[in-house]
Amino acid sequence: MSLRRFIAKRVLLIFPILFGVSVITFALVHITPGDPVDVVVALNPDISPAEEARLRARYGLNDPIWEQYLDWLVGVLQGDFGKVIATDRAVSTVIVERLPETIALGLFGWVFAVIIAVPAGIYAAVRKDELGDHVSRFLALSGISIPNFWLGLMLILVGALTLNLWPVLAPRTALYSPEMLWYLLLPGITIGTASASTLMRIMRSSMAEEMNKEYVTAARAKGLPERTVVLKHVLRNSLISVTTVAAFLTASIVSGSVVVEQVFGWPGLGRALISAVSNREIDLILGITLFIGVAIILANLVADILYAVLDPRIRYD
Amino acid sequence: MSTERGRIRVTGFDTDRVTERDDLSDWSEATTGGTESRWRRALRRFRHNRVAMLGVYVVAAMALLSFFARPVTIAGITVQPFSIAPYDPSTILYLEPGSTVGRYDPPTLAHPMGTDASGRDLFSRVLVGGRLSISIGFVVVGITATFGLAYGAVAGYYGGWVDEILMRFVDVIFAFPGLVLALVIVALLGGGYWPLVIAFSVPGWAGYARLIRGEILSVKENEYVLAAQALGARDRSVIFRHIVPNAMAPLIVQASLSIGTVVIGVAALGFLGLGFEPGTPEWGTMLDQTRETLIQGPGGSIPWWATVFPGGAIFLFVMAMNMIGDGVNDALDAQEVGNVGQGGGG
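Here the structure is a predicted model, which means the values were calculated and not measured.

**Comments concerning unusual backbone geometry**
All names here are of chain A.
Here is step 1: Positive phi, normally seen in glycine, also occurs at Asp 129, with a value near 65°.
Here is step 2: By the element assignment, Asp 129 lies in the loop between helix 5 (91-126) and helix 6 (131-145).
Here is step 3: Overall, the relative accessible area of 52% leaves Asp 129 in the exposed class.

**Quick word on the pattern of salt bridges**
All names here are of chain B.
Here is step 1: This structure, assessed with the given rule, holds eleven salt bridges over all chains.
Here is step 2: As a salt-bridge pair, Asp 171 and Arg 168 come within 2.9 Å of each other at their nearest N and O atoms. In this pair, Asp 171 and Arg 168 both sit in helix 5 (residues 160-174), three residues apart, roughly one turn of the helix.
Here is step 3: Shared partners join several salt bridges into a network, and the residues in it are Glu 164, Arg 168, Asp 171 and Arg 210.

**A short note on the UniProt feature "transmembrane region" (unreviewed entry) in chain A**
Residues and elements named next belong to chain A.
Here is step 1: Cross-referencing UniProt, the feature "transmembrane region" (unreviewed entry) maps to residues 12-31, 103-126, 138-161, 181-203, 239-264 and 284-310 in the present numbering.
Here is step 2: Here residues 138-161 runs as 92% helix and 0% strand, with 27 Å between its end C-alpha atoms.
Here is step 3: Between the end C-alpha atoms of residues 181-203 the distance is 28 Å, and the span holds 100% helix and 0% strand.

**A short note on a nonpolar patch on the surface**
Residues and elements named next belong to chain A.
Here is step 1: Side chains of Leu 107, Trp 110, Val 111, Ile 115 and Ile 116 sit close together on the surface and give an oily, nonpolar patch of about 460 Å² of accessible area.
Here is step 2: Position of Val 111 among the secondary structure elements: in helix 5.
Here is step 3: On the accessibility criterion, Val 111 (39% relative accessible area) is partly exposed.

**Topic: the domain arrangement of chain A**
All names here are of chain A.
Here is step 1: Looking at chain A, the domain boundaries give domain 1 (2-91) and domain 2 (99-310).
Here is step 2: Just the C-alpha atoms count here: the centres of domain 1 and domain 2 sit 34 Å apart.
Here is step 3: On the side of domain 2, 17 residues touch domain 1, which itself brings 22 residues to the contact.
Here is step 4: Carbon and sulfur atoms supply 82% of the area buried between domain 1 and domain 2, which totals about 1700 Å² over both sides.
Here is step 5: Linking domain 1 to domain 2 there are one salt bridge.
Here is step 6: Two residues, Arg 10 and Asp 304, come together in a salt bridge whose shortest N-O distance is 2.6 Å.
Here is step 7: At the boundary of domain 1 with domain 2, the tally comes to one residue pair in polar contact (both at pLDDT 80 or more).
Here is step 8: Of all the secondary-structure elements, those providing two or more residues to the side of domain 1 that touches domain 2 are helix 1 (3-31), helix 4 (65-77) and strand 1 (83-84).
Here is step 9: Broken down by element, the side of domain 1 that touches domain 2 gets its largest block of residues, 13 residues, from helix 1.
Here is step 10: Among the residues forming the side of domain 1 that touches domain 2, the class breakdown is 17 nonpolar, three polar and two charged.

**Section: helix 7 (residues 148-162) of chain A**
All names here are of chain A.
Here is step 1: Its 15 residues give helix 7 an end-to-end C-alpha distance of 20 Å, which sits within 8% of 21 Å, the value for a rise of 1.5 Å per residue.
Here is step 2: The buried count for helix 7 comes to twelve of 15 residues, which makes it a mostly enclosed element.
Here is step 3: Regarding helix 7, the residues found buried are Asn 148, Phe 149, Trp 150, Leu 151, Gly 152, Leu 153, Met 154, Ile 156, Leu 157, Gly 159, Ala 160 and Leu 161.
Here is step 4: Directly after helix 7, the chain includes Asn 164, whose backbone phi takes a positive value near 55°.

**Here we look at the packing of aromatic side chains**
For any pair of aromatic rings, the description consists of the separation of the ring centres together with the inter-plane angle of the planes.
Here is step 1: Evaluation of the coordinates by the stated rule reveals 15 aromatic pairs over all chains.
Here is step 2: Grouping aromatic residues by their ring pairs yields a cluster made of Phe 19, Phe 26, Tyr 69 and Trp 72 of chain A.
Here is step 3: Here the basic side chain of Arg 210 of chain B rests over the ring of Phe 174 of chain B, its NZ or CZ set 4.0 Å away from the ring centre.

**Remarks on the interface of chain B and chain A**
Here is step 1: Chain B puts 48 residues into the contact, and the matching count from chain A is 52 residues.
Here is step 2: Roughly 4400 Å² is buried in total at the junction of chain B and chain A, and carbon and sulfur atoms are behind 81% of that figure.
Here is step 3: For the interface between chain B and chain A, the tally reads one salt bridge.
Here is step 4: Of the charged contacts, one joins Asp 326 of chain B and Arg 201 of chain A as a salt bridge, the two residues approaching to 2.8 Å between their closest N and O atoms.
Here is step 5: Our count for the chain B to chain A interface comes out at three residue pairs in polar contact (both at pLDDT 80 or more).
Here is step 6: Taken together, the elements giving at least two residues each to the side of chain B that touches chain A come down to helix 5, helix 6 (178-189), helix 10 (248-271), helix 11 (283-296) and helix 12 (304-332) of chain B.
Here is step 7: The dominant element in the side of chain B that touches chain A, judged by the number of residues it contributes, is helix 12 of chain B, at twelve residues.
Here is step 8: Across the side of chain B that touches chain A, the residue classes tally to 34 nonpolar, nine polar and five charged.

**Concerning the UniProt feature "transmembrane region" (unreviewed entry) in chain B**
Residue and element names in this part refer to chain B.
Here is step 1: According to UniProt, the feature "transmembrane region" (unreviewed entry) maps to residues 51-69, 132-158, 165-187, 251-276 and 302-320 in the numbering used here.
Here is step 2: The annotated region residues 132-158 carries 100% helix and 0% strand content, and the separation between its end C-alpha atoms amounts to 39 Å.
Here is step 3: As a span, residues 165-187 carries 87% helix and 0% strand, and end to end its C-alpha atoms are 29 Å apart.

**Comments concerning the side chain of Thr 280 of chain B**
Here is step 1: Turning to its location among the elements, Thr 280 of chain B is positioned in the loop between helix 10 and helix 11.
Here is step 2: Only 2.5 Å separates the side chain of Thr 280 of chain B from the backbone oxygen of Glu 277 of chain B, close enough to count as a polar contact.

**A look at the environment of Val 41 of chain A**
Residues and elements named next belong to chain A.
Here is step 1: Looking at the element boundaries, Val 41 is found in helix 2 (residues 36-43).
Here is step 2: Among the residues examined, Val 41 registers a relative accessible area of 19% and is labelled buried.
Here is step 3: The sequence separation of Val 41 and Glu 51 amounts to ten residues, and the corresponding C-alpha distance is 9.8 Å.
Here is step 4: For Val 41, the contacting residues outside a window of four places in its chain are Ile 47 and Glu 52.

**Notes on the nonpolar core**
Here is step 1: Counting 146 residues, the largest nonpolar core has Phe 149 of chain A together with Leu 183, Phe 200, Leu 269, Leu 272, Trp 283 and Phe 317 of chain B as its most contacted members.
Here is step 2: If you tally residues by element for this core, the top one is helix 10 of chain B, at 14 residues.
Here is step 3: Lining this core are residues from two domains, each supplying at least three of them: domain 1 (2-91) and domain 2 (99-310) of chain A.
Here is step 4: In this view, Phe 317 of chain B contacts Val 59, Met 62, Ile 134, Phe 138, Ile 259, Val 263 and Trp 283 of chain B; residues no more than four positions away in its chain are not counted.
Here is step 5: Counting residues in each nonpolar core, the second largest holds 22 residues, with Leu 199, Met 200, Ile 202 and Met 211 of chain A among its members.

Criteria and cut-off values
Residue indices begin from 1 for each chain and proceed along its sequence in written order. Here every chain gets a letter starting at A, and every ligand a number starting at 1, in the order they are written. In view of the model being predicted, local features appear only for residues whose pLDDT reaches at least 70, and side-chain atom pairs are presented and counted only at 80 or more, with totals across whole chains, interfaces and linings using the full set of residues. Only hydrogens and water are set aside; all other atoms, that is, all heavy atoms of the structure, feed into the side-chain values. Under the DSSP-based scheme used, a helix requires at least four consecutive residues in state H or I and a strand at least two consecutive residues in state E, with every element numbered from the N terminus. Relative accessibility under 20% of the residue-type maximum defines a buried residue, over 50% an exposed one, and the middle range a partly exposed one, all with a 1.4 Å probe and only protein chains included. We count a salt bridge whenever a side-chain nitrogen from Lys or Arg sits within 4 Å of a carboxyl oxygen from Asp or Glu. UniProt positions are given in the numbering used here, feature names are shortened, and annotations may be inferred rather than shown by experiment. Candidate patch residues must exceed 30% relative accessible area and have no salt bridge, after which like charges are joined if within 9 Å and Val, Leu, Ile, Met, Phe, Trp or Tyr side chains if within 5 Å. Where accessible areas are quoted, they stem from the Shrake-Rupley method and a 1.4 Å probe; at the residue level, only the protein chains shown are allowed to cover. Domain delimitation in this document rests on an assignment produced automatically or drawn from a domain database. Residue contacts follow a heavy-atom distance rule, with two residues in contact if any of their heavy atoms lie within 4.5 Å. As a working definition, buried area equals the accessible area (1.4 Å probe) given up by two parts on being put together, with both sides summed. The term polar contact refers here to a pair of N or O atoms within 3.5 Å; inside protein, the definition further demands a hydrogen-donor-capable atom paired with an acceptor-capable atom, and it admits residues adjacent in sequence only when both atoms are side-chain atoms. The residue classification treats Ala, Val, Leu, Ile, Met, Phe, Trp, Tyr, Cys and Pro as nonpolar and Asp, Glu, Lys and Arg as charged. All others, Gly included, are polar. By this rule, a helix spans an expected 1.5 Å times one less than how many residues it contains. Within 6.5 Å between ring centres, the rings of Phe, Tyr and Trp (the latter by its six-membered ring) count as paired, and their orientation is classed by plane angle as stacked under 30 degrees, edge-to-face over 60, tilted in between. Over a ring means this: the NZ of a Lys or the CZ of an Arg is within 6 Å of the ring centre and within 35 degrees of the ring normal. Definition of nonpolar core: a set of buried residues of the types Ala, Val, Leu, Ile, Met, Phe, Trp, Tyr and Cys, connected through side-chain atoms within 4.5 Å.

Now the structure itself:
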């Protein structure tokens, strides 16, 4: 299969998945008892049954379920995710407004993960079964075991309250000001730790596997310095698997942001989702969930294509 | 000395010396009577892994402590009468007559972990707090591994369009981060024990299904499968008696690594105030209110104990669980399975 055909096939594959994601998000809301009109009736007890029926008809709630789904889907495709009842703002406006905050946080966590994990993984693989390897593996195991919300609380407790290195709350300045970037370190580390640890473990094992291959022995036999062997030959080959995992980590960073934004009071998408859940804003929950689903499908698409570009073997399966 | 053997007389060789000499090694026929089964060998390797065994002891100790922390009654009958925890986790000691306990008392001998915002004994709460998270972790992994196994086995064995449809559905589940899907389900169903089990089971099975399908695809090429089919075995018995046992190793590794992920997920929903009623003695829920206290800061003194101990308990349990998972992985010599933000948490 040529690279172009592989990419074309992989891109076509996302359409049934996108369809499935939209069906599931829609179904989630409609298998649960009660509809928006019930909420309205509960808030205004003096609505007559006739009026209730008229409301149902107006919102199309008497239509067959597939017709309701199609109506909703047509809206979504036109960028209409519905409205936030409490503030009467469009869901899409809220998402567009919150998105940069989450992207800033996620990017920080992602960069932190890669900066820590790649050198640590190389170090551990080169010093395999020595003290340094054991220490870094222990740290990586702790990193995947620590709950991110507790790590965030502990960073606030130690870094902000005890050592006074950081402000307790986010400074009220522009997103890309120096104070803000300094503050972003705390949530960035919190969100990136689990990813850094996962990435480091994969980096170490893929490096260790490459080190045993024959081309490494050949390179050493030619008299290349160990530094060149590791950094030029082994690293390049083991980075292939790491690159794709790094793309897959997007999912873990997205779900991390939901919790971490709550810890640090960060006004991103995750926090919007939590408040939508507490206020039962169904349209907002649906909109954000669908948005996250689509983002992850696209991230996985990028990961697969990247893998195929970097490793020609994968195309000939 | 000499030995008579038929008509030949052998000299210079004493057979007694051969039969009576010390063994060169402790090899004897009896100990290598049969080949050690794969599972027995894995168990022996696991037992020799000190880190993994430490994990087993910690998990067992924490599970037993939380079970025996307060009496357990099922339908009015006390099935577990012991009570290790010194106080009832829900009693607000602050309000008890003649009590000297206040809100956020620092750790003392009477209250080794201090008291929380409502003047409840934190030590008792941390002990009991494991019940919900730990048991949900095991129940969810049991449900999801079983379902994922059956699902992946069917997809992998039948292949073709069955496989295509079943696996596209798995792809759809994978498009949601486990925690987000769980959050939305809890938002719609409300909190509580069984809603949380459902919330983490819905996203959790897909990982097992994908894993088992891949294993089945390679195992089913073996000749013994063809032999079983040729002998007229039914599909069900081919799948579950011949293929699945040989594809189990990565499933067990994944399951042991997932328990920790689910426990963190349950605690995370508790922390977000969605998992259980506020005030429930559960590790995550206990951290819910401490965030406000930390950030607003009651001036001067910081009640660090209310944050450190419940979160530390989750960390310790999940760390021990992951040590077991790594040990199982090494013992079964399974491939590295990525535990990347899926399987009901992250």
